[in-house]
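Chains, contacts and geometry: an overview
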Amino acid sequence: MKKVLIVSTSPRLNSNSEALAKAFAEGAREAGNEVELISLRGRTVNFCRGCLVCQEKGRCVIRDDADEICRKALHADVLVFATPIYYYEMSGQLKTLLDRLNPLYPCDYAFRDVYLLTAAAEDEAHVPQRAVSGLEGWIECFERARLAGTVFMGGVTAAGENPAHPALEQAAALGKTV
Ligand SMILES: Cc1cc2nc3c(=O)[nH]c(=O)nc-3n(C[C@H](O)[C@H](O)[C@H](O)COP(=O)(O)O)c2cc1C
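Report follows, based on the coordinates. (Residues numbered from 1 in each chain as written. Predicted model: local features only at pLDDT ≥ 70, side-chain atom pairs only at ≥ 80, totals over all residues. Heavy atoms only, no water.)

It is worth spelling out the pattern of salt bridges at this point. By the definition in use, this model includes 10 salt bridges. With its nearest N and O atoms 2.8 Å apart, the salt bridge here joins Arg-100 to Asp-64. A residue pair is termed long-range when its members are at least 10 positions apart, and Arg-100 in helix α4 (residues 92-100) and Asp-64 in the loop between α2 (54-57) and α3 (65-75) qualify at 36 residues. On the basis of relative accessibility, which here comes to 12%, the residue Asp-64 falls in the buried class. When the shortest N-O distance is used, the salt bridge between Glu-68 and Lys-72 registers 3.4 Å. Here Glu-68 pairs with Lys-72, and both are found in helix α3, just four residues apart, close to one helical turn. Residues participating in the shared-partner salt-bridge network are Glu-18, Lys-22 and Arg-41. (Salt bridge = Lys/Arg side-chain N within 4 Å of Asp/Glu carboxyl O. Helix = DSSP H or I, 4+ residues; strand = E, 2+ residues; numbered from the N terminus. Buried < 20%, exposed > 50% of the residue type's maximum accessible area, 1.4 Å probe, protein only.)

Here's what the structure looks like:
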């Protein structure tokens, strides 16, 4: 059994990328893992101030919701990030969170496998590429971790537009393999 932490970063209700996150969670739970899904909706994650105090103290100086997510991420075996594609990139919310996970950098973090779930209006395979590449940059800084898988839900603009999208099954199947 693994501890799986899933963070959904879309601010929308009935979000497409969050639907992927829920499908992944369902698959991972079915396979017997301990799964927690956190949405950033209604949570406050401020920008990293770049002070680097976290590298000495192991904790950020900012007291907001990133603090709790960071502690959970430290002990998770698997991290999953779900994001809408904004201008061919990950959402600003996800980038801000990744920066705020900087206290993990010098720590004995447990995670090894990292997954990315994305949703976008366009359906071409290249649409999520920069978001994948951005997350790979973050993962590169965590030497014991790797990008273990991605799922892209393309062709969805409105929230909850396609509840039968094949990417949902892909996400559930991937969740089962963690
Ligand atoms: C600011 C903004 C930028 C966007 N940029 C893109 C884009 O570059 N390519 C694309 O295909 N869709 C783009 N979209 C559409 C969203 O990716 C799409 O609506 C997606 O389903 C949102 O996922 P969510 O429901 O999880 O928030 C953009 C939407 C917003 C609000």
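Following the sequence through the fold, Cys-54 ends up in helix α2. Sequence separation between Cys-54 and Gln-93 is 39 residues; the distance between their C-alpha atoms is 20 Å. Here Cys-54 is in contact with Arg-59, Cys-60, Asn-102 and Pro-103, once residues within four sequence places are set aside. (Contact = heavy atoms within 4.5 Å.)

Moving on, we come to α4. Of all the residues in α4, the buried ones are Leu-94, Thr-96, Leu-97, Leu-98 and Arg-100. For α4, the elements touching its buried residues are β1 (3-8), α3, β3 (78-84), β4 (113-119) and α5 (129-140).

Further remarks concern the packing of aromatic side chains. Considering all chains together, one arrives at eight aromatic pairs under this definition. Seen in terms of ring centroids, Trp-138 and Phe-142 are 4.5 Å apart; in terms of plane orientation they differ by 40°. Their pairing is tilted. According to the relative accessible area criterion, Trp-138 is buried, its value standing at 11%. On the accessibility criterion, Phe-142 (3% relative accessible area) is buried. The rings of Phe-81, Tyr-105, Tyr-109, Phe-111, Trp-138 and Phe-142 are connected pair by pair, giving a single aromatic cluster. The ring of Tyr-109 is capped by Arg-144, whose NZ or CZ atom sits 4.2 Å from the centre of that ring. (Phe/Tyr/Trp six-rings, centres within 6.5 Å; stacked < 30°, edge-to-face > 60°. Lys NZ or Arg CZ within 6 Å of the ring centre and 35° of its normal.)

What follows covers the site of the ligand. As a structural note, the neighbourhood of the ligand is formed by 17 residues, with Ser-10, Ser-15, Ser-17, Ile-85 and Val-156 the closest of them. In the model, an oxygen atom of the ligand is placed 2.8 Å from a nitrogen or oxygen of the Arg-12 side chain. A distance of 2.8 Å is found between an oxygen atom of the ligand and a backbone nitrogen or oxygen belonging to Thr-157. Contact with the protein chains removes 79% of the 640 Å² of surface that the ligand exposes when unbound. Taking a 2 Å distance to the grid points as the criterion, the majority of the atoms of the ligand fall inside the largest pocket. Here the shell around the ligand is built from residues that sort into 10 nonpolar, five polar and two charged. (Near = heavy atom within 4 Å. Polar contact = N/O pair within 3.5 Å; in protein donor to acceptor, adjacent residues only side chain to side chain. Areas by Shrake-Rupley, 256 points an atom, 1.4 Å probe, with all protein chains shown as cover. 1 Å grid on protein atoms, 1.4 Å probe; cavity = no way out; pocket = protein on both sides within 12 Å on 5 of 7 lines; lining within 4 Å. Sits in = over half its atoms within 2 Å of the grid points. Nonpolar A, V, L, I, M, F, W, Y, C, P; charged D, E, K, R; others polar.)

The next thing to look at is the layout of surface pockets. By volume, the largest pocket is sized at about 280 Å³. Together, 18 residues line the largest pocket, and Ile-85, Tyr-86, Ala-119, Ala-120 and Ala-121 are the ones closest to its centre. Across the lining of the largest pocket, the residue classes break down as 11 nonpolar, five polar and two charged. Lys-95, Leu-98, Asp-99, Gly-134 and Trp-138 are the residues nearest the centre of the second largest pocket, which is lined by 14 residues in total. Taken together, the elements giving at least two residues each to the lining of the second largest pocket come down to α4 and α5. Ranked by the residues each element gives to the lining of the second largest pocket, the list is headed by α4, at three residues. (Points joined across faces, edges and corners; volume = space filled by probe spheres on them.)

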